[in-house]
Amino acid sequence: MSQDDNEVRQAGVRRTVWRSVAALVGMFAFAWALVPLYDVFCRVTGINGQVDTTAQALVHDDVDESRMVTVQFITRNGSGLPWRLDVETRQVRLHPGQTSEVNFTFSNQSRSENWARAVPSVTPNTATRHVRKSSCFCFEEQLLQAGERVEMPLVFQLDRDLPPEVTTVTLVYTLYPVEGKTQKLQAGVKLDEGGEA
Amino acid sequence: MAPKVPPQPTLEQSTAAAEAGHGHAHEAPPKGIMRWLLTTNHKEIGTMYLIFSLIMFFIGGIFALVVRLELFQPGMQFVNPEFFNQMTTMHGLIMVFAAVMPAFTGLANWMIPLQIGAPDMALPRLNNFSFWLLPVAFGLLLSTLFMPGGGPNFGWTFYAPLSTTYAPPSTTFFILSLHIAGISSILGAINIIATILNMRAPGMRMMDMPLFVWTWLITSFLLIAVMPVLAGVITMMLMDINFGTSFFNAAGGGDPVLFQHLFWFFGHPEVYIMILPAFGIVSAIIPAFARKRLFGYASMVYATGAIAVLSFLVWGHHMFVVGMPLAAQLFFMYATMLIAVPTGVKIFNWVTTLFRGSISFEPPMLFALAFVVLFTIGGFSGLMLAIAPADFQYHDTYFVVAHFHYVLVPGAIFSIIAAVYFWLPKWTGHYPNVRLAQWHFWLSVISVNLTFFPMHFSGLAGMPRRIPDYALQFADFNMVSSIGAFMFGFSQLLFVAVIVMCVRGGQKAPAAAWGEFADDLEWSVPSPAPLHTFETPPTFKRPAH
Ligand code: HEM
Ligand SMILES: [Cu+2]
């Protein structure tokens, strides 16, 4: 094989290698980009029951009196946090467009103060985008002293565009410890009131 | 059944031909262990890959036999559930990443330069490095079994949070070893692409390449596309475990379902990485022993490409039960069924090649024919699983275990065995012992079906996968499966015997060891292939199709 042919080959190999490396870097970046994209995708479509954790305006005026929807509340405790989350009623029935207020009770049953957060989820996911909350404990992390009990309201509404086949909406709140903050507390570091949330 | 072996050249002829291959003067390779540590020769590296994967195949096999031993009868008899979980996990990881993938890479190393008329791989030193990463990676992975808390126990799919929040302390080492294995596959893929695109013999166009070369080219693209995603996902796990991030932790605003999306975005193309080279092998063997040209070469190439593209669109079929919206379930269901079309094209082409062929049943052909039949059974159970509403019942049962073992054992692994029997004459200069290989074949087909066919029934009846104990009504099926598994495991010792005997001696093979329909370039060099081949590129002559 001649010298020239060999050089052409080597140049070709180098080009292929660089292109492959570029593709590799691109795919690695793509994998990381999927994390925020997934989040945005779920929020926009309401898939996965992910709801906005910011307050939304309630649309008070027109209540759809032609149908009733059952809203169920489920509270759960994830990962062994020594807290309880209770709700005053397991379910309410209301019209789309009607505003409702339900009280939840947080109690810290441990001997130390710690931080936790209630993470919301909605089923079925076609209803997710139609749950509007003007006030919710789930918007921020909570700090409870040892043995403390706190009652907090959820004020919400199902908007009138809720698909007609949805007759029951389930709101699930799962309590999770906010470990970083709790550890700082226990290490005696002072935190600003309200934290970063 | 007497095998029809083509006329043999005399001993003098084949040694003379082998002598001719040594035209160039080469420095004597270093002696002893250094020769293997430092070699940059594609044939030696290919051999190392193949031996490594054979060893790993037996280690992974022993883990499987521990599992089958425990499942021989209901109740807990031999191991505790914690160890059982480590065995199922390690079995899957070792078989996928350390046995099947390196075996195909070893075949690629040996055969691609020979099939395209190149003197070696494009990047020989990188090639050496990619191989030696593997013993490091899997030595590390196996060592986790001896660490406090044991090895990985969360299934080969390592779903978060089982593999993060609830994982044993050794998980960091598991992640490291997977990173190293991943780098090895990536480097191997780059090397293969560079070789195929730039090193072909003058006159050989892309559409002249043997299908094994084509399927490996497409497999390499898949590897480059999805191994970085695997690297990304295990890095996220590493950060969740060690640096307090919450990619997959709901408590911190993450989502475990995201893990499954990322994993299967890698995972489904990964299963095709394990089957596309098999398609190439079978497409070489069937025409050789049916004594006909392969039917539909071009459609084989396009079908392989179509399967590769579609494989990026179907990952959701592993996640029908996570609570996907209806539209997504329908999309993944139809996309998955669409893959059956190009796969069907391939099966059709093989069957048509066989049709009115003058077929003989040498060992490679036996395994290739079993591949066609049994892989198709695996494809059919895949189609059943692709039906979203049906999958709600089948998911996470032994039916899934039956499906993927049909496509992987009599699929991928039979194709590797067929390839070894097919190319052993080229590697060693001797034909494999036909008698012993036939015993190996019949024991393997019978036992593989004995092992995996009953799993369809136990799965349909509701037996969940990954459990160390089960309800009494599944006892008979499990006993049959266990007997089959032990038979299969021990039959593979015959495979080793055939290989060892073939290296030591046996009936001499000529250059074109399998007659006129196995006429790709590798059959133009002497058997055994000298260490250096095609140092002056051959002129490629297009066979009359
Ligand atoms: C016609 C082609 C195929 C179809 C329609 C198909 C479909 C499916 C479906 C729907 C599942 C998910 C089942 C569940 O978890 O509920 C599955 C699982 C699986 N398939 Fe296939 N498949 C096909 C071919 C293959 C091939 C060629 C391979 C590998 C060589 C393969 C390997 C696997 C593996 C390893 C799993 C199980 C993963 C796990 O959960 O551990 N499949 N297949
Ligand atoms: Cu899949």
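Everything numeric in this text was worked out from a predicted model, so none of it was measured.

Novice: Would you mind going over the sheet that holds strand β8 (residues 149-158) of chain A with me for this structure?
Specialist: The strands that make up a sheet pair up through hydrogen bonds in the backbone, lying either parallel or antiparallel. Residues and elements named next belong to chain A. With respect to topology, four strands assemble into an open sheet ordered β2-β4-β8-β6, the strand pairing being antiparallel. One side of each edge strand has no neighbouring strand; the edge strands of this open sheet are β2 (83-87) and β6 (131-135). Going across the sheet, the axis of each strand differs from the next one's by a mean of 30°, ignoring polarity. With five bridges connecting them, β2 and strand β4 (residues 99-108) associate as antiparallel partners. Paired with Trp 83 across the strands is Asn 108, a residue of β4.

Novice: In this structure, what is going on with the coordination of the copper ion (ligand 2)? I would like to understand it.
Specialist: Six octahedral donors at a metal ideally form angles of 90 or 180 degrees, and four tetrahedral donors ideally form angles of 109.5 degrees. All names here are of chain B. The copper ion (ligand 2) binds to the protein through His 268 (ND1), His 317 (NE2) and His 318 (NE2), with metal-donor distances spanning 1.9 to 2.1 Å. The sequence motif formed by the donor residues of the copper ion (ligand 2) is H-x48-H-H. With relative accessibility at 13%, the residue His 317 sits in the buried group.

Novice: Would you mind showing me how to read the interface of chain A and chain B here?
Specialist: By a frequent convention, interface size equals the accessible area lost on bringing the separate parts together. Contacts between the two partners involve 26 residues from chain A, matched on the other side by 35 residues from chain B. Both sides of the chain A and chain B interface together cover about 2500 Å² of buried area, and 73% of this is carbon and sulfur. For the pair chain A and chain B, the interface holds four residue pairs in polar contact (both at pLDDT 80 or more). Put simply, the parts of the chain that give the side of chain A that touches chain B at least two residues each are α1 (3-45), β5 (114-123) and β9 (168-177) of chain A. In terms of residues, the side of chain A that touches chain B owes the most to one element, α1(A), which gives 17 residues. Its residues assigned to classes, the side of chain A that touches chain B shows 18 nonpolar, six polar and two charged.

Novice: What am I meant to see in the site of ligand 1 here?
Specialist: Residues and elements named next belong to chain B. Taken together, 23 residues are adjacent to ligand 1, and Trp 156, Asp 391, His 395, His 403 and Arg 465 come closest. With respect to ligand 1, the side chain of His 395 contributes an N or O atom lying 2.7 Å from an oxygen atom. Arg 465 is positioned such that a nitrogen or oxygen atom in its side chain is 2.9 Å from an oxygen atom of ligand 1. Elements that contribute at least two residues to the shell around ligand 1 include exactly α8 (256-273), α12 (363-386) and α14 (398-428). For the shell around ligand 1, the element with the most residues is α12, which contributes six residues. The residue inventory of the shell around ligand 1, partitioned by class, reads 13 nonpolar, eight polar and two charged.

Novice: Please explain the coordination of the iron atom of ligand 1 as it appears in this structure.
Specialist: Coordination of the iron atom of ligand 1 by the protein comes from a single atom, His403(B) (NE2), at 2.1 Å. The metal-metal distance between the iron atom of ligand 1 and the copper ion (ligand 2) comes to 4.6 Å.

Novice: How should the UniProt feature "domain: Cytochrome oxidase subunit I profile" (unreviewed entry) in chain B be read in this particular structure?
Specialist: Using the residue numbers shown here, the UniProt feature "domain: Cytochrome oxidase subunit I profile" (unreviewed entry) corresponds to residues 36-541 of chain B. Secondary structure across residues 36-541 of chain B divides into 68% helix and 0% strand, with the first and last C-alpha atoms of the span separated by 35 Å.

Novice: How should I be thinking about the confidence of the model for chain A in this particular structure?
Specialist: Where the model shows low pLDDT, its predicted coordinates should not be examined in detail. In this model, chain A carries a mean pLDDT of 81, and residues with pLDDT of at least 70 account for 83%. Here residues 189-197 of chain A is modelled with pLDDT under 50, and outside its nearest four sequence neighbours on either side it reaches twelve contacts, counting other chains as well.

Novice: Is there a simple way to explain unusual backbone geometry in this structure?
Specialist: Residues other than glycine predominantly adopt negative phi, and peptide bonds predominantly adopt the trans conformation. Looking along the chain, the bond that leaves Thr123(A) and enters Pro124(A) is cis, with omega of -10°. The omega torsion across Ala160(B) and Pro161(B) is 5°, close enough to zero to call that bond cis. Within the secondary structure, Pro161(B) sits in the loop between α5 (124-143) and α6 (171-198). At Phe534(B), a position not held by glycine, the phi torsion is positive, near 55°. With respect to the helices and strands, the residue Phe534(B) is situated in the segment after α16 (475-504).

Novice: Mind showing me how you'd approach a nonpolar patch on the surface here?
Specialist: All names here are of chain B. Taken together, the side chains of Phe 72, Trp 442, Ile 446, Leu 450, Met 479, Val 480 and Ile 483 present a nonpolar region at the surface, about 570 Å² in accessible area. Among the secondary structure elements, those contributing two or more residues to the nonpolar patch are α15 (434-460) and α16. In this fold, Trp 442 is placed in helix α15. The exposure class assigned to Trp 442 is partly exposed, which follows from its relative accessible area of 45%.

Novice: I would appreciate a short explanation of the nonpolar core in the present structure.
Specialist: What tends to happen in soluble globular proteins is that the nonpolar side chains get buried as a cluster. Residues Phe97(B), Phe138(B), Phe158(B), Phe248(B), Trp350(B), Phe422(B) and Trp423(B) are the most contacted members of the largest nonpolar core, which totals 190 residues. Considering every element that reaches this core, the biggest residue donor is helix α4 (residues 81-116) of chain B, with 21 residues. If near-sequence neighbours (up to four positions away) are discounted, Phe158(B) is found in contact with Ser163(B), Phe174(B), Leu178(B), Leu230(B), Ile234(B), Met237(B), Phe259(B) and Phe263(B). Core analysis: the second largest hydrophobic core is formed by 31 residues, Val69(A), Leu85(A), Val92(A) and Met152(A) among them.

Novice: Honestly, the sheet that holds β9(A) in this entry has me stumped. Any pointers?
Specialist: Residues and elements named next belong to chain A. An order of β3-β1-β9-β5-β7 is seen for the five strands of this open sheet, with the pairing classed as mixed. The open sheet has two edge strands with one neighbour each: β3 (91-94) and β7 (142-144). When the angles between neighbouring strand axes are averaged without regard to direction, this sheet yields 25°. Note: strand β1 (residues 69-77) against β9, eight bridges, orientation parallel. Looking at the pairing, Phe 73 lines up with Leu 171 of β9.

Novice: Help me understand the UniProt feature "transmembrane region" (unreviewed entry) in chain A, please; the structure alone is not making it clear to me.
Specialist: UniProt tags residues 21-38 of chain A as "transmembrane region" (unreviewed entry). Within residues 21-38 of chain A, the helical portion is 100% and the strand portion 0%, while the C-alpha atoms at the span's ends are 26 Å from each other.

Novice: Sorry, what's going on with the pattern of salt bridges here?
Specialist: Close approach of charged atoms allows side chains of opposite charge to pair. A complete count under the given rule lists seven salt bridges over all chains for this structure. Among the salt bridges present, the one from Arg117(A) reaches Glu141(A), with a minimum N-O distance of 2.5 Å. Here the residue Arg117(A) occupies a position in strand β5, and Glu141(A) occupies one in the loop between β6 and β7, the gap between them amounting to 24 residues. According to the relative accessible area criterion, Arg117(A) is partly exposed, its value standing at 21%. Taking the relative accessible area as the measure of exposure, Glu141(A) reaches 9% and is therefore buried. Note that Asp208(B) is salt-bridged to Arg205(B), the shortest N-O span being 3.3 Å. Owing to a relative accessible area of 47%, Arg205(B) belongs among the partly exposed residues under this scheme.

The rules behind these values
- Residues numbered from 1 in each chain as written.
- Chains lettered and ligands numbered in written order.
- Predicted model: local features only at pLDDT ≥ 70, side-chain atom pairs only at ≥ 80, totals over all residues.
- Heavy atoms only, no water.
- Pairing = 2+ DSSP bridges.
- Helix = DSSP H or I, 4+ residues; strand = E, 2+ residues; numbered from the N terminus.
- Axes fitted to C-alpha atoms, helices over the stretch in contact; angles between N-to-C directions.
- Donors = N, O, S within 2.8 Å, 3.2 Å for Na, K, Ca; no water.
- Buried < 20%, exposed > 50% of the residue type's maximum accessible area, 1.4 Å probe, protein only.
- Contact = heavy atoms within 4.5 Å.
- Buried area = accessible area lost by both parts, 1.4 Å probe.
- Polar contact = N/O pair within 3.5 Å; in protein donor to acceptor, adjacent residues only side chain to side chain.
- Nonpolar A, V, L, I, M, F, W, Y, C, P; charged D, E, K, R; others polar.
- Near = heavy atom within 4 Å.
- UniProt positions renumbered as here; feature names shortened; annotations may be inferred.
- pLDDT = per-residue confidence, 0-100.
- Patch = residues over 30% accessible without salt bridge, like charges linked within 9 Å, V, L, I, M, F, W, Y side chains within 5 Å.
- Areas by Shrake-Rupley, 256 points an atom, 1.4 Å probe, with all protein chains shown as cover.
- Salt bridge = Lys/Arg side-chain N within 4 Å of Asp/Glu carboxyl O.
- Core = buried A, V, L, I, M, F, W, Y, C linked by side-chain atoms within 4.5 Å.

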